[in-house]
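Spelled out from the first residue to the last, the chains are:
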There are 4 protein chains.
Amino acid sequence: MPENKQPKSPQKNPAARTKDPAAPPRNAVRRKGAVNAAPRRRGELLAVAAEVFAAQGYDATTVREIADAAGLLAGSLYYHFDSKESMLDEILSTFLGELWAGYDAVLAAGLGPRETIEALVTESFREIDRHRAAVAIYQKESRRLTDQPRFGYLADSQRRFEQAWLGTLERGVTAGVFRADLDVRLTYRFVRDTVWVAASWYRPGGQHSPEEIARQYLSMVLDGIATG
Amino acid sequence: MPENKQPKSPQKNPAARTKDPAAPPRNAVRRKGAVNAAPRRRGELLAVAAEVFAAQGYDATTVREIADAAGLLAGSLYYHFDSKESMLDEILSTFLGELWAGYDAVLAAGLGPRETIEALVTESFREIDRHRAAVAIYQKESRRLTDQPRFGYLADSQRRFEQAWLGTLERGVTAGVFRADLDVRLTYRFVRDTVWVAASWYRPGGQHSPEEIARQYLSMVLDGIATG
Amino acid sequence: MPENKQPKSPQKNPAARTKDPAAPPRNAVRRKGAVNAAPRRRGELLAVAAEVFAAQGYDATTVREIADAAGLLAGSLYYHFDSKESMLDEILSTFLGELWAGYDAVLAAGLGPRETIEALVTESFREIDRHRAAVAIYQKESRRLTDQPRFGYLADSQRRFEQAWLGTLERGVTAGVFRADLDVRLTYRFVRDTVWVAASWYRPGGQHSPEEIARQYLSMVLDGIATG
Amino acid sequence: MPENKQPKSPQKNPAARTKDPAAPPRNAVRRKGAVNAAPRRRGELLAVAAEVFAAQGYDATTVREIADAAGLLAGSLYYHFDSKESMLDEILSTFLGELWAGYDAVLAAGLGPRETIEALVTESFREIDRHRAAVAIYQKESRRLTDQPRFGYLADSQRRFEQAWLGTLERGVTAGVFRADLDVRLTYRFVRDTVWVAASWYRPGGQHSPEEIARQYLSMVLDGIATG
DNA sequence: AATGAATGAGGATTCATTCAT
DNA sequence: GATGAATGAATCCTCATTCAT
């Protein structure tokens, strides 16, 4: 997942193209007002699909499994979506859209490096809480999808993500807030991964709230697990 | 990946059933003496298969892609292996076998909690260095495979893995070496994930040696990234 | 397309069953008074359908394409028609009905062989002018449809068509108006095809009127393209 | 179908790209030496497919019908061909390749206009004799395919075809061999269509040889069917 | 050891059709 | 008259697997 430093710009969000409420949906031509008329059903189906994709992996999931889980026939899904891939697309782009809304707010707040990291981590766990399935899918499928033109926004997002985190870490090192003896790039990777991998075991509504997890995680990453 | 505390036991290695040199290979019926005749080719093919599986995911990989990468026709692979699944099986069990050989040595050494963690992490990065593809596959496919009887050893391994890491962390807390205010289970998950996710970006022969990466990682996890 | 020699007979018109204004439409059960209520809309929709069928072929045309072209949704077509096939049926039978009305008039006029041929050709080009799409569809789909019971009238029509043309040619040979050294059957085929294939390139409202084309065509067929 | 006036040139034949024996077949990547190893089977299957396409139309033909007719399972066809469409492609391009070989020979012979027309017509009926199915398919599907990039060579071929025929007719008019009072373009269309539509009723091995049919046809077209 | 050809069980997708509103 | 949503059968195609050579 990417990051960005620059403040709000019109086309700032790589996924915005897709989630822009004003833009017509991908398959608007085929089913003109379908989305306007019943965005609800669409959303329900996407939630179901996301759950199944997250559990089994995109390729290992058959359209029929999604349909079964949603309570209709496989062919009926094609009334709502162009293809299995377009479901994946919409799941990911919707998630990234919301993620960047949150990130951009944090990055625009003008916080210090440590506070920025804390805010980003907290925001991340909140996103995991809201979009667990999408995050898990992102984790698993991202690498392979990045090459496909259709999913170009994944690469964009990754670039911005790196800018946001790496940049903040570097600022922190310069400011003497973070240790200078660590390889920043390596640190970035560790931090990034730890945050997002949580999606693979996190269960919303469980013992820990996202904020609680974020606090524990930050405590560990910032101060270490060793005593003294 | 699992853990274990108890020293070598007869059935210690969950993957032993598969890698035990004395046991006949799964597909002995079809390829009578094939394994004896050319274990080399077999290994080469498995390496190729692992690479492709890691790059594309098991389900998204076709037998023909493996064959293409290995320079023979799809059907010819079946002279060497029973099935696509048995290639996956052999890749994972071989990896786990070697992993546990290393882990068991560490766990049997009678080190203190902190030193044990350090040794486990270092050993882990060494495994990633040697079995990058297998580790990546394990990361991606593990969850789904665990349910299948054939891959029952994955669950076993996971159990032992948890015992090893969680137990060591708890021992450390008790001994006052690790902070008591952290949720041990959460800490375990963070540590576990970060280590293994590294397989997704690690490139053998790159800038950092496994030991170097382990050192940086341990420094971060043990002492935190913040100054003071 | 067929022909007939005999004058008006009760069941003369093969397509009459369908177009007979007194007979209830095929799908009377479903759309009780629909036909009475809005025969206009029905005709418009059929014209649209014919155009699309002609352009893409019956099988290659989806009901949705027709609906799109007509400005309503696919399902809505079923308020007007029983099925895609019944649209095809109605298009073809309507066309054949009108065609035979014209042909029968010519054949009943008691003209000489050459004049009969001239009149039939002219009438044919007039039909092409009025029913271009239907003729094109007939050309493309006729052969395959002939076998189906529902389209039995196509075979009837073909039979009568052959009688009309072949008979006239034979009368002409006997009368010394047409050359005796030509294979009449072969000639019939050539003449028949040339006339109707014109539907594939003819564009109503273009440079040539149907009568003009008929004249040119007759000049060529009767006198040849060579000089002297 | 097109024509050309210019003598043999390297890239003269629009379909050459496809039939060039030196060029690798479309799906060479997938099944390397398949074509070299067994061009026979491939040819047999194409012949079967052509027959079914001709009888039912491309769209109305299912892959299973072809397979049934060829005595194997539907999926097995995909060992030999990439897709149903690629079968169509190969059928048409092979046919056009041979057609143009014949036409080019005629056009390069330096005959007078009347003799050229005679030779072209005769050659055409020979092609119909040899490739009846392909010609029938060409007739039915050509128009719709022309738009697709993959079948761009159909448009090329049509252009050259028009050049050859129209040009020859015009030469004949100028030379006083053909009547000047006929619309050349209209004449071209009539002649073109009649020749090729013959494929829809012609049965190889029937009463008439291609040469016999050509003679009758030429006699009719050149001198007319009327006496005196 | 490897090939070429085939199998057969799915899998994604299309599409004519239905029907409650 | 028309819509939105769904059905279910069929279609093209993929792919792991088999096997004679």
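Residues numbered from 1 in each chain as written. Chains lettered and ligands numbered in written order. Predicted model: local features only at pLDDT ≥ 70, side-chain atom pairs only at ≥ 80, totals over all residues. Heavy atoms only, no water.

A word on the relation of the copies chain B and chain A. Superposing chain B onto chain A takes a rotation of 180° combined with a translation of 0.2 Å along the rotation axis, leaving an RMSD of 0.1 Å. Considering both components of the superposition, the chain copies are consistent with a two-fold axis. For chain B, the minimum C-alpha distance to the rotation axis belongs to Gly224 of chain B and amounts to 1.8 Å. In this assembly the copies share their binding face: 100% of the residues contributing to the interface of chain B also contribute to that of chain A. (Least-squares fit on C-alpha atoms with pLDDT ≥ 70 in both. Contact = heavy atoms within 4.5 Å.)

Another aspect to go through is the side chain of Thr194 of chain B. Looking at the secondary structure, you find Thr194 of chain B in helix H10 (residues 184-197). Relative accessible area serves as the criterion here: at 2%, Thr194 of chain B is assigned to the buried category. In this structure, Thr194 of chain B is in contact with Phe190 and Thr194 of chain A together with Tyr217 of chain B, ignoring residues within four places of it in sequence. (Helix = DSSP H or I, 4+ residues; strand = E, 2+ residues; numbered from the N terminus. Buried < 20%, exposed > 50% of the residue type's maximum accessible area, 1.4 Å probe, protein only.)

Now for the protein's contact with DNA strand E. Around DNA strand E sit 31 residues in total, of which Tyr78 of chain A, Ser76 of chain B, Tyr78 of chain C together with Ser76 and His80 of chain D are the nearest. For DNA strand E, the backbone makes up 75% of the atoms found within 4 Å of the protein, where backbone means sugar plus phosphate. At a separation of 3.3 Å, a phosphate oxygen of DNA strand E approaches a polar backbone atom of Thr61 of chain A. Between Ser76 of chain B and DNA strand E, the recorded distance is 3.0 Å, taken from a side-chain N or O atom to a phosphate oxygen. Looking at the surface near DNA strand E, the elements with two or more residues in it are helix H5 (77-80) of chain B together with helix H5 (77-80) of chain D. Residues that form the surface near DNA strand E fall into these classes: 13 nonpolar, 14 polar and four charged. (Near = heavy atom within 4 Å. Polar contact = N/O pair within 3.5 Å; in protein donor to acceptor, adjacent residues only side chain to side chain. Nonpolar A, V, L, I, M, F, W, Y, C, P; charged D, E, K, R; others polar.)

The positions UniProt marks with the feature "domain: HTH tetR-type" (unreviewed entry) are residues 39-99 of chain A. Its end C-alpha atoms 21 Å apart, residues 39-99 of chain A is made of 75% helix and 0% strand. (UniProt positions renumbered as here; feature names shortened; annotations may be inferred.)

Where interface size is given, it is often the accessible area lost as the parts come together that is meant. Contact residues are listed per partner, giving 39 residues for chain B and 39 residues for chain A. Together chain B and chain A conceal approximately 4,000 Å² of surface at their shared face, both sides included; 63% is due to carbon and sulfur atoms. Looking only at chain B, the three residues that lose the most surface to chain A are Phe190, Trp201 and Ile225 of chain B, adding up to 20% of its buried area. Summed over the shared surface of chain B and chain A, the number is zero salt bridges. On inspection of chain B and its partner chain A, the count reaches 26 residue pairs in polar contact (both at pLDDT 80 or more). Split into classes, the residues belonging to the side of chain B that touches chain A amount to 17 nonpolar, 10 polar and 12 charged. (Buried area = accessible area lost by both parts, 1.4 Å probe. Salt bridge = Lys/Arg side-chain N within 4 Å of Asp/Glu carboxyl O.)

On to the domain arrangement of chain A, then. Residues and elements named next belong to chain A. What the domain assignment reports for chain A is domain 1 (34-80) and domain 2 (83-227). Each partner contributes to the interface: domain 1 provides 16 residues, whereas domain 2 provides 14 residues. Taken over both partners, the interface formed by domain 1 and domain 2 buries close to 1,400 Å², and the fraction arising from carbon and sulfur atoms is 64%. Inspection of the region where domain 1 meets domain 2 yields three salt bridges. (Domains from an automatic or database assignment.)

Next up on the list: the confidence of the model for chain A. Residues and elements named next belong to chain A. On average, residues of chain A score 85 in pLDDT, and 83% of them reach the 70 mark or higher. By mean pLDDT, the top-scoring element of chain A is helix H6 (residues 84-107) (98), and the lowest-scoring one is helix H1 (residues 16-19) (37). Here residues 1-37 is a poorly scored stretch, pLDDT under 50, and it has 83 contacts once near neighbours within four places are set aside; other chains count. (pLDDT = per-residue confidence, 0-100.)

Before going further, it helps to examine the pattern of salt bridges. Pairs can form between side chains of opposite charge once their charged atoms are near each other. Inspection of every chain in the model, using the stated rule, returns 74 salt bridges over all chains. Among the ionic pairs, Glu141 of chain C bridges to Arg144 of chain C, the shortest N-O distance being 2.6 Å. Placement of the pair is Glu141 of chain C and Arg144 of chain C together in helix H8 (residues 132-145), with a separation of three residues, close to one helical turn. In this structure, the salt-bridge partner of Arg150 of chain D is Asp89 of chain D, at a minimum N-O distance of 2.8 Å. A residue pair is termed long-range when its members are at least 10 positions apart, and Arg150 of chain D in the loop between helix H8 (132-145) and helix H9 (152-174) and Asp89 of chain D in helix H6 (residues 84-107) qualify at 61 residues. Through salt bridges with shared partners, one network takes in Asp59, Glu141 and Arg144 of chain A.

What follows covers the UniProt feature "DNA-binding region" (unreviewed entry) in chain A. The UniProt entry lists residues 62-81 of chain A under the feature "DNA-binding region" (unreviewed entry), expressed in the numbering used here. Helix makes up 60% of residues 62-81 of chain A and strand 0%, and the two end C-alpha atoms of the span are 15 Å apart.

By the element assignment, His208 of chain B lies in the loop between H10 and helix H11 (210-223). A polar contact is formed between the side chain of His208 of chain B and the side chain of Asp183 of chain A, at a distance of 3.3 Å. Residue contacts for His208 of chain B: discarding those within four places in its chain leaves Asp183 and Leu186 of chain A together with Tyr202 and Ile213 of chain B.

Aromatic ring pairs are described here by two measures, namely the spacing of the ring centres and the angle between the planes. Taken as a whole and judged by the stated rule, the model has 48 aromatic pairs over all chains. Look at Phe125 of chain A and Phe190 of chain B: their rings are 6.5 Å apart centre to centre, the planes differ by 75°, and that puts the pair in the edge-to-face class. Pair noted here: Phe125 of chain A is in helix H7 (residues 113-130) and Phe190 of chain B is in helix H10, and the two residues belong to different chains. The residues Phe125 of chain A and Phe190 of chain B share a single accessibility class, namely buried. (Phe/Tyr/Trp six-rings, centres within 6.5 Å; stacked < 30°, edge-to-face > 60°.)

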